[in-house]
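One letter stands for each residue in the lines below.
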Amino acid sequence: MQVNKHVYAELLGRRRFADDVVDELDQVGTDVVFGMPAESVNPLVDALRKHERVRFVAVRHEGAGALMASAYAKASGRLGVCLGTAGPGAAHLLLGTYDALVDQVPLLAISGQVPLEQVGRQAFQEIDSVRLFADSCPDNRLITSPAQRVLVRRAVNAALVGRAPSHLACPSTILAAPAPTSRYPRSPTVTAPARTHGPVSEPPAPTPRQVPAAVLWAMERVLPRDTILAVEPELHADPTLFVLASQGRTVISSGLDVSGYALPAAIGAAFAQPTRTVVGITTARLVPDFIPELLTAQRYRMPLLLVCLDDGGHLDIARMAGAGGVDVRNAANLDDLPDLLCIAQRVRGPSVVVTRSPEEHQRSEVQRSEQHTVAHALAMFLAKAGISRAYGRFTDARFLLGNLDTAGFRVCETGHGESAALMASAVGKFAREPALAVAVGPADLLLQVNGVFDAAYDNAPLLLLGVNRGDHVDGAALLGGIAHCARLTEAPESWEDAVAAVRTVVDGGGVAYLEVAPDLLDEESTSCPSWPGSTPRAEVLPSTAAIDRVCAVLSRARRPAILVGRGATGVGEDVAKLATLLGAPIVTTMPGRGVVSDNHPHVAGGIGSSGHRSADSTLRGCDVLLALGVSARGSSAFDLPGRFLLIQVDHDPLRFSATDRPLLPVHGSVRATLKHLLDRLRNRRSSLPSARQAFVRERRAEHLAWLRRTTTLPYRRTAALQPSAIAMSIVDEVGGRSPVVTVDVGLVTFWIYRYFHGDQTFVWTSSFATMGFAVPAAAALAPIADDRPVIAAVGDGGLAITMSELATLAELDHTVIVVVFNNGKLGAIRFEQEIMGWPEHASALYNGDLAEAARAFGIPAWRVTTEPELRAALRVARGHGRPCLIDAVCEPNEVPALGQRGRTTTQTIAFLLALAREAVRAVRGGDPEHEPARFPGRG
């Protein structure tokens, strides 16, 4: 957990670099920044809280926020600005930067970065964001000093003059650092070159889809001449819309062809032009990707109108809008539409009008597989390589889907553009088998980036197939830093590159990206190699000398302990046998939970601040720690408490350089090393020293005592359902059935990691920690969980990221229980703000009724507010036999007791400062973020 080293400078009134960044935005006329608060960008969020003219708009998905920023620029000509945290949040911003690049509008994307001193050390959520944005942002750089305000100005001006996106990666420690005291000259006014029309100035070629004539007539009759129309790209291809534009109205859309674009674009346009009427035009089939942004519109009382054509999608849009408290009207008779549009424009806040589509959209039939085509050859080749599961949206690639079916693939058509790679990653973690994720088109390709990073960081085998022309997004440039990339072309030799990419996944357990142009798939295949056969990575055998040294050290140790990571998956029984032989307690990393059953008498809990105090005591009390399969990324061996000799077992010798403590490295596979250690130590077996036996008993007793311990920081508590009680209730009601538990990101991770105890299998997004993981992962794992119940533990923030995947769950015939820890906040973000000395800002969430939202996707759901209601709902859900959702409305102020000792004096002072600032704010009348945005004009 970070420490604000500059909190004392703040107490003295010093400006921060983050304040300078906001001033630069103010000087060019930007008055809104879109994004989500998070640890690495919280200094900037706090600077926006304090600023008088530039406000922060908290969204439910950073990708939607980036599209809002791009639409803001399209509607106003001013600089659009979006921000996202290090890692997952930064990757989400790519949607906006590529959209701005294609449509030539000025945009600044600010991504957080890990503290500067940790850059390059494989820190938690660290990515090379400068490389990631290189293809989309002409001006793209890392800020390394608070004296580099000039680079912020340069990025702003480059975006405005070049009508292109810029990107700045800002380490959290730089944003929080005091700015130079010398006066910085005001920026000269720079404006974007004028344009005669919106992002697309010519009518595109006609397509079969048409907006109903009655709808166009009603809008022409009712909407003011200065209306801004935010239109789905698929509908924007209807040339009749340019009749409305020719009357003086502005039409904005996305050249990147982003599904669900209309809603976030309408929000961005409403902030850009608050005096003008803003209308989004979408369909029930296209809107789900970013439908939670309706909650954003309602939270800020946005005066916008969303016209939704009901084309038979999976989402009941009227029910969804009602769940969010949004005004909704159904134009069953198109003759009533003009009157309903008039009424909707007078609503104080957002309004949705649902009307009939000219014809219900039917999912196109899977096209028959044809031999001798590239698609057929590719599908058969991948099947022979041992890949049998595929995930993706095949709307514009039904021919490929037919060939995958023919090749024997078990295909899951996903509901959200981001889900395919997340699902494939979850399968790789759970089943240790490679899976295929398919991205059709540039927008869906960009949405797969988080899943690719998640798989790469957690060592899950994944192949991403990009059906992409490469004219807007260069997949190899985008993913070259994280995946083995290849492109399949007409050239026969390109198959050799494809074979190498697939071998990376199948044999090496890595991540690869294979790109193919859509037009190539149905062309005749002149060559197709046969799969040469797998050559799995051979186990690395440790040397005899290394085993001798380890046995000698372990034999002499007074209090040895064992740390288990994900790399020990599959050898839990051997780990337990070794712990018994040594008389050593077992502690685990988060990914290592479940390798050894929690019920084993030597298990002493999980490490880290979200883990157990007993694990911290184990590390501080042992003199030798044997680390098995522990990643060097994130919660690694080099930043653990305690003074012990580390014995690190790893097949990759480069990982031995990750620690600066006394180290005995063992170059070998975990399985092989355990076998040799067990064989050797059995021969030396003798009675265990009493000190070891006492150490194991004490740590186990402390662990069991800590399982149900919480702490209450000095917040106002209510009688609401406690999050810890939710976790413990799940254990009591479902835990006995050996469930598979998929876990999202945020405080929900604390509650599950801390309180879930028993024989279960966890699937985490641990090293990359991307929100929105749990629900897609549950949908992917339910069919392969051998009739075990699947529990998706997700916070209210994480649910919004991939909410539309509930539609996929609705089609399954398996027991899946989605439990939403609904505390109305980004709880972990709030705590991270306060521990740095800043009052809570923008972490509160407006959720509406999440159970009703689930029903809008076809999922049975219950909303519970007490523990008896929760337990009753869990009992019903476990016997339901199909997916369902429990919206558990819970206490926002319960915080788990930290698993690690050592909160610093600076952290304590900063936390008390934050509480004092919150108290002062409350006395003065509350937080402005909870007040409706004041828009001139309507309402």
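Residues numbered from 1 in each chain as written. Predicted model: local features only at pLDDT ≥ 70, side-chain atom pairs only at ≥ 80, totals over all residues. Heavy atoms only, no water.

The chain is annotated in an unreviewed UniProt entry as Pyruvate decarboxylase from Longimycelium tulufanense.

What about unusual backbone geometry?
To be explicit about the condition: Helical segments are the DSSP runs of H or I of at least four residues, strand segments are the runs of E of at least two, and each set is numbered from the N terminus.
Even without being a glycine, R432 presents a positive backbone phi close to 55 degrees. As for its placement among the helices and strands, R432 is situated in the loop between α19 (419-431) and β15 (435-440).

Details of the sheet that holds strand β24 (residues 663-667)
We count it as follows: When DSSP locates at least two bridges between a pair of strands, those strands are taken to pair. In this analysis, axes come from line fits to C-alpha atoms, helices being fitted only over the stretch in contact, and the angle between any two N-to-C directions falls in the range 0 to 180 degrees.
Here we have six strands laid out as an open sheet, ordered β21-β20-β19-β22-β23-β24, and parallel in their pairing. Only two strands of the sheet have a single partner each, and these edge strands are β21 (603-606) and β24. With direction set aside, neighbouring strand axes in the sheet form an average angle of 20 degrees. As paired elements, strand β22 (residues 624-628) and strand β23 (residues 645-650) share five bridges and run parallel to each other. Considered in β23, the bridge of L625 is made with L646.

Describing the environment of E220
Just so we agree on the cut-off: Accessibility here uses a 1.4 Å probe with only protein chains present; expressed as a share of the type maximum, an area under 20% marks a residue as buried, one over 50% as exposed, and anything in between as partly exposed. Pairs of residues are marked as contacts when any of their non-hydrogen atoms sit within 4.5 Å. N or O atoms closer than or at 3.5 Å make up a polar contact, with two conditions inside protein: a donor-capable atom paired with an acceptor-capable one, and, for residues adjacent in sequence, both atoms drawn from side chains.
Structurally, E220 is set in helix α10 (residues 213-222). For E220, a relative accessible area of 24% corresponds to the partly exposed category. Contact partners of E220, with chain neighbours within four places excluded, come to R225, L244, Q247 and R249. Polar side-chain contacts of E220 include one of 3.0 Å to the side chain of R225.

A word on the environment of T355
Note that T355 resides in strand β12 (residues 351-356). In the structure, T355 is positioned 26 residues away from R329 in sequence and 8.8 Å away in space, judged by C-alpha atoms. Discounting chain neighbours no more than four positions away, the residues touching T355 are V215, V307, C308, L309, D310, A331, L334 and L337.

Description of the packing of α19 against helix α21 (residues 449-457)
Cut-off, in case you're wondering: Note on terminology: angles under 35 degrees are roughly parallel, angles over 145 are roughly antiparallel, angles of 65 to 115 are roughly perpendicular, and the others are oblique. Put simply, a crossing is left-handed when the front helix is turned counterclockwise from the back one by less than a right angle, and right-handed when it is turned clockwise. Residue polarity follows a fixed list, in which Ala, Val, Leu, Ile, Met, Phe, Trp, Tyr, Cys and Pro are nonpolar, Asp, Glu, Lys and Arg are charged, and the others, Gly among them, are polar.
Two elements in contact, α19 and α21, have axes separated by 7 Å at closest approach and are oriented at 15 degrees. Considered as vectors, α19 and α21 are oriented roughly parallel to each other. When you trace α19 past α21, the crossing you get is left-handed. Residues A421, L422, S425 and K429 of α19 form the contact with α21, whose participating residues are G451, V452, D454 and A455. Within the contact of α19 with α21, the residues separate by chemical class into four nonpolar, two polar and two charged.

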